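# Structural features, examined
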Amino acid sequence: MHKASLRSLAPLSSSLLTFTPIAFSSLHFSPSRLSFVRFSFRAMASHIVGYPRVGPKRELKFALESFWDGKSSAEDLQKVAADLRASIWKQMSEAGIKYIPSNTFSYYDQVLDTTAMLGAVPPRYGWNGGEIGFDVYFSMARGNASVPAMEMTKWFDTNYHYIVPELSPEIKFSYASHKAVEEYKEAKALGVETVPVLVGPVSYLLLSKPAKGVEKSFSLLSLIGSILPVYKEVLAELKAAGATWVQFDEPTLVKDLDAHQLQAFTHAYSELESSLSGLNVVIETYFADVTAEAFKTLTGLKGVTGYGFDLVRGTKTLDLIKGGFPSGKYLFAGVVDGRNIWANDLASSLSTLEALEGIVGKDKLVVSTSCSLLHTAVDLVNETKLDKEIKSWLAFAAQKK
């Protein structure tokens with residue numbers, strides 16, 4: 001077994017590399033796993049869907065607990081967070097990652113961050129407008145002395161959770177958290193160009209629930225026209241700040257969606273098309289296959305430059321890509337597993353990428369993680385007591401990048 005990291009898959013070398021069975025045997029591959037004698041592969045661009053934010057020694061966890069206990073200030077917490085972000089961006093830049101994500105850091109979770117961005121604060125928290133601060137943000141997440149927290153539920157089938165948005169027909173959305181733009185500017189000031197990541201508008205609504213007192217039959221997707229103006233403001237600010245790429249995470253596309261739900265994607269990105277002009281846009285899916293209907297919908301969206309797929313858990317998606325991928329579009333191929341601590345099978349990953357290169361074209365194929373690396377441990381270097389051989393089988397987030 002050998003670590004198939006983005007570092008090993010993407011840079012490879014500045015020239016064409018040729019692998020032989022002898023070279024593979026030195027990397028501890030089983031000969032039975034090799035169904036080919038010889039192939040060549042080129043260096044390609046690399047991308048990371050997202051990255052752990054807790055810190056290699058759980059720095060964010062301890063900083064949050066200290067702040068919640070009143071033992072440290074908001075400024076202390078913000079300093080720890082900024083240092084972690086700077087370290088992560090620097091590591092990815094030094095590893096040669098081309099498409100480095102920003103706005104994947106969170107003090108709690110990315111859906112709650114989107115709720116803050118949209119100003120979708122339930123009335124019980126007493127928010128009266130303006131930029132949402134820690135008091136309202138953490139009250140939504142954890143409750144306070146007066147009111148309970150919002151509901152928490154599992155993030156798909158992972159061990160992570162998110163705070164479920166509570167929406168109603170009367171809700172008034174407003175641009176209330178500039179975090180995505182601020183973190184893009186923060187990375188840029190450090191000399192790192194990033195791809196700002198936003199939870200996509202349709203997935204945000206599909207991951208929400210009707211607020212208390214609202215009929216269960218209320219169509220959350222009926223709010224799409226109300227939230228898109230905020231997304232347009234965010235996109236305008238990102239373009240003004242110099243962003244050239246933006247990533248929309250639309251993981252609900254891997255669910256079994258009906259025609260009405262799929263149509264919401266077509267409508268939303270058609271409405272955003274003019275705002276997306278001047279930006280390269282990648283839409284990310286992960287955790288499972290997309291259906292043939294979802295694939296058709298996704299690859300037909302307006303204003304979109306590329307598509308990201310989980311090719312570790314989404315093995316059937318590979319057949320959809322082979323069956324017809326839109327000409328001139330980028331494919332962000334998620335062949336590096338973002339959900340476990342094991343080293344990838346380099347031969348298998350390279351074989352998949354070679355097949356995709358023939359479909360998509362050399363300049364449009366990007367090697368990527370299958371999902372955010374948030375779902376794996378941070379850095380193997382801290383595991384000082386592990387057996388050397390066992391350690392060679394592992395790859396945490398820092399090793400996968």
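Residues numbered from 1 in each chain as written. Predicted model: local features only at pLDDT ≥ 70, side-chain atom pairs only at ≥ 80, totals over all residues. Heavy atoms only, no water.

Of the regular secondary structure elements, the chain holds 15 helices and 14 strands. For the chain, the proportion of contacts with a sequence separation of at least 24, taken over those separated by at least 6, is 77%. For the chain, the computed accessible surface area is about 17400 Å², with 51% contributed by carbon and sulfur atoms. (Helix = DSSP H or I, 4+ residues; strand = E, 2+ residues; numbered from the N terminus. Contact = heavy atoms within 4.5 Å. Areas by Shrake-Rupley, 256 points an atom, 1.4 Å probe, with all protein chains shown as cover.)

To continue, consider the packing of aromatic side chains. Following the criterion strictly, the structure yields 21 aromatic pairs and no others. Taking 4.9 Å as the distance between ring centres and 80° as the angle between the ring planes, the aromatic pair formed by Y107 and F134 counts as edge-to-face. Of the two residues, Y107 sits in the loop between β4 (100-102) and α5 (110-118) while F134 sits in helix α6 (residues 134-142), which places them 27 residues apart along the sequence. For Y107, a relative accessible area of 14% corresponds to the buried category. Between W155 and F156 the ring centres are 5.0 Å apart and the planes differ by 85°, which places this aromatic pair in the edge-to-face class. By the burial criterion, W155 is buried, and F156 matches it. Ring pairs connect the aromatic residues F67, W68, F105, Y107, Y108, F134, Y137 and F138, which therefore count as one cluster. Geometry around F105 places R85 over its ring, the cationic atom sitting 4.9 Å from the centre. Taking the ring centre of F156 as reference, the NZ or CZ of K255 above it sits at 5.3 Å. (Phe/Tyr/Trp six-rings, centres within 6.5 Å; stacked < 30°, edge-to-face > 60°. Buried < 20%, exposed > 50% of the residue type's maximum accessible area, 1.4 Å probe, protein only. Lys NZ or Arg CZ within 6 Å of the ring centre and 35° of its normal.)

The next point concerns the sheet that holds strand β10 (residues 245-249). Spatial strand order, β3-β14-β13-β12-β11-β10-β8-β4: 8 strands in an open sheet with parallel pairing. Of all the strands in the sheet, the pair left with one neighbour each is β3 (45-47) and β4. Strand-to-strand twist across the sheet, computed as the mean angle between neighbouring axes with direction ignored, equals 30°. The sheet contact formed by strand β12 (residues 306-310) and strand β13 (residues 330-336) spans 5 bridges and is parallel. Bridge pairing in β13 links D310 to G334. Against the sheet, helix α4 (residues 74-94) touches β4 and β8 (194-199), its axis set at about 165° to β4. (Pairing = 2+ DSSP bridges. Axes fitted to C-alpha atoms, helices over the stretch in contact; angles between N-to-C directions.)

This model, assessed by the stated rule, comprises 9 salt bridges. Of the charged contacts in the structure, one is a salt bridge between E183 and K179, with a shortest N-O distance of 3.3 Å. Taken together, the residues span about one helical turn, with E183 and K179 both in helix α7 (residues 179-189) at a distance of 4 residues. On the accessibility criterion, K179 (14% relative accessible area) is buried. Among the charged side chains, a network of salt bridges with common partners joins R85, D113, K179, E183 and E186. (Salt bridge = Lys/Arg side-chain N within 4 Å of Asp/Glu carboxyl O.)

Take S73: it is sitting in the loop between α3 (59-68) and α4. Once the C-alpha coordinates of S73 and A63 are considered, the two residues, 10 residues apart in sequence, prove to be 9.6 Å apart.

Scope: geometric values only; no functional claims are made or implied.
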